[in-house]
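Reading the structure
Chain by chain, the residues run as shown.
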Amino acid sequence: MATTQIPQLRVEQVSLVTALGGQYLLNNISFEVATGSRICIIGPSGAGKTSLLRLLNRLSEFSSGAIYLENQDIRTIPVLQLRRQVMLVSQEHKLLGMTVQQALVYPLRLQQLPQRQIQERLDAYRDLLHIPVDWLERTELQLSVGQRQLVAIARALIVQPKILLLDEPTSALDAGLASHVLGVLADLAAKDNLSILMVNHQLDIAQFFCRRLLYLQNGQLLQDTPSEQIDWKQLRETLVQAEAQAAQEWL
Ligand SMILES: Nc1ncnc2c1ncn2[C@@H]1O[C@H](COP(=O)(O)OP(=O)(O)OP(=O)(O)O)[C@@H](O)[C@H]1O
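Now for a quick tour of the structure. Since this is a predicted model, take the numbers as computed values, not measurements.

Definitions and limits used
- Throughout this description, residue numbers start from 1 for each chain and increase along the sequence as written.
- Reporting of local features is limited, given that this is a predicted model, to residues whose pLDDT is at least 70; pairs of side-chain atoms are given and counted only at 80 or more, and all residues count toward the totals for whole chains, interfaces and linings.
- Helix and strand assignments follow DSSP, with helices taken as H or I runs no shorter than four residues and strands as E runs no shorter than two, numbered in order from the N terminus.
- Expected helix span is given by 1.5 Å per residue-to-residue step, counting one fewer step than there are residues.
- Around each residue's C-beta, the other C-beta atoms within 10 Å are counted; 20 or more make the residue buried, 12 or fewer make it exposed, and counts in between make it partly exposed. All C-beta atoms are placed from the backbone.
- It is the C-beta atoms, placed from the backbone, that decide contacts: two residues are in contact if theirs lie within 7 Å.
- Strand pairing is assigned whenever DSSP detects at least two bridges linking the two strands.
- Every axis in this analysis is a line fitted to C-alpha atoms, fitted for helices over the stretch in contact. Angles between the N-to-C directions lie between 0 and 180 degrees.
- Here a nonpolar core is just a set of buried residues of the types Ala, Val, Leu, Ile, Met, Phe, Trp, Tyr and Cys, joined wherever their C-beta atoms sit within 7 Å.

Further remarks concern helix H5 (residues 145-157). With 13 residues, H5 ought to run about 18 Å at 1.5 Å a step, and its terminal C-alpha atoms sit 19 Å apart, in line with that. A large share of H5 lies buried, amounting to 11 of its 13 residues. When H5 is considered as a whole, its buried residues turn out to be Gln 147, Arg 148, Gln 149, Leu 150, Val 151, Ala 152, Ile 153, Ala 154, Arg 155, Ala 156 and Leu 157. Each element contacted by the buried residues of H5 is listed here: strand S6 (86-89), helix H3 (100-110), helix H4 (115-128), strand S7 (163-167) and helix H6 (175-192).

Read across the open sheet, the 6 strands follow the order S6-S7-S8-S3-S9-S10; overall the sheet is mixed. Of all strands in the sheet, those bounded by a partner on one side alone are S6 and strand S10 (220-226). With strand direction ignored, the average angle separating the axes of adjacent strands in the sheet is 15 degrees. Judged from the 6 bridges that link them, strand S9 (residues 212-217) and S10 form a sheet pairing that is antiparallel. Each bridged residue has a counterpart across the sheet, and for Leu 216 the counterpart in S10 is Leu 221.

Our focus in this paragraph is the nonpolar core. Membership of the largest hydrophobic core comes to 62 residues, with the highest contact counts inside it found for Ile 41, Leu 165 and Leu 197. Ranked by residue count, the leading element in this core is H5, at 7 residues. Ignoring sequence-local partners within four residues, the contact set of Leu 197 consists of Val 33, Ile 39, Ile 41, Leu 53, Ile 163 and Leu 165.

Next comes the structure, spelled out in structure tokens:
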């Protein structure tokens, strides 16, 4: 008899309304994430992409609807436990006054892992992401934006989450490093069942990496499409038009 696998993450009719003015930043969003998914979230500036990611590990609270991690309502999961399973790499990469090494091992120390295991994970993920040993003693100010981005990705992966939320993860990496990082992420999705939701403005990266695309505009989920069904040329044009419209609304 076939078994039905429960989705790893289920977003059900979720809305986010601003505190003042009652404007909908996200309106009635529903989708599911299967284990090991590679999903890109695309849409013009201000569409609500970052806001959506932040709801998934409760950095912000949704106004209505529900989100389930493996069938458990995320509001019933202690927030630190949730964030260990659903890690967000945001666009701002802060080491909070720590060195790279301290920042990488901090979440593992919080989990009270034995020192030997901490060292093994540090070596493994530093190696995996090609972070040179001589960065370990550097602080944020001694790293370029791209280097900080790489450390932030390592810091999320070292915790071995079930779901990784990435907000423009490769925007500051050169093409070679970006493609290495995407290869590492694809391997982790295939071998370790890591699910990845990635906000990305670079459609060529989305086309290469993602197996499914969520298209957001004005807080609404307009498309949820497997990548093989996407007309990328059409999508590029839609996005250019939507960006132009968004820019006009700001003028
Ligand atoms: N705390 C907040 N209060 C009010 N409005 C907010 C808040 N946070 C975000 N917004 C607004 O919500 C909308 C969606 O913002 P969000 O950052 O999620 O968009 P985005 O799609 O990620 O945009 P970008 O591609 O430019 O990063 C924007 O109009 C933004 O100004």
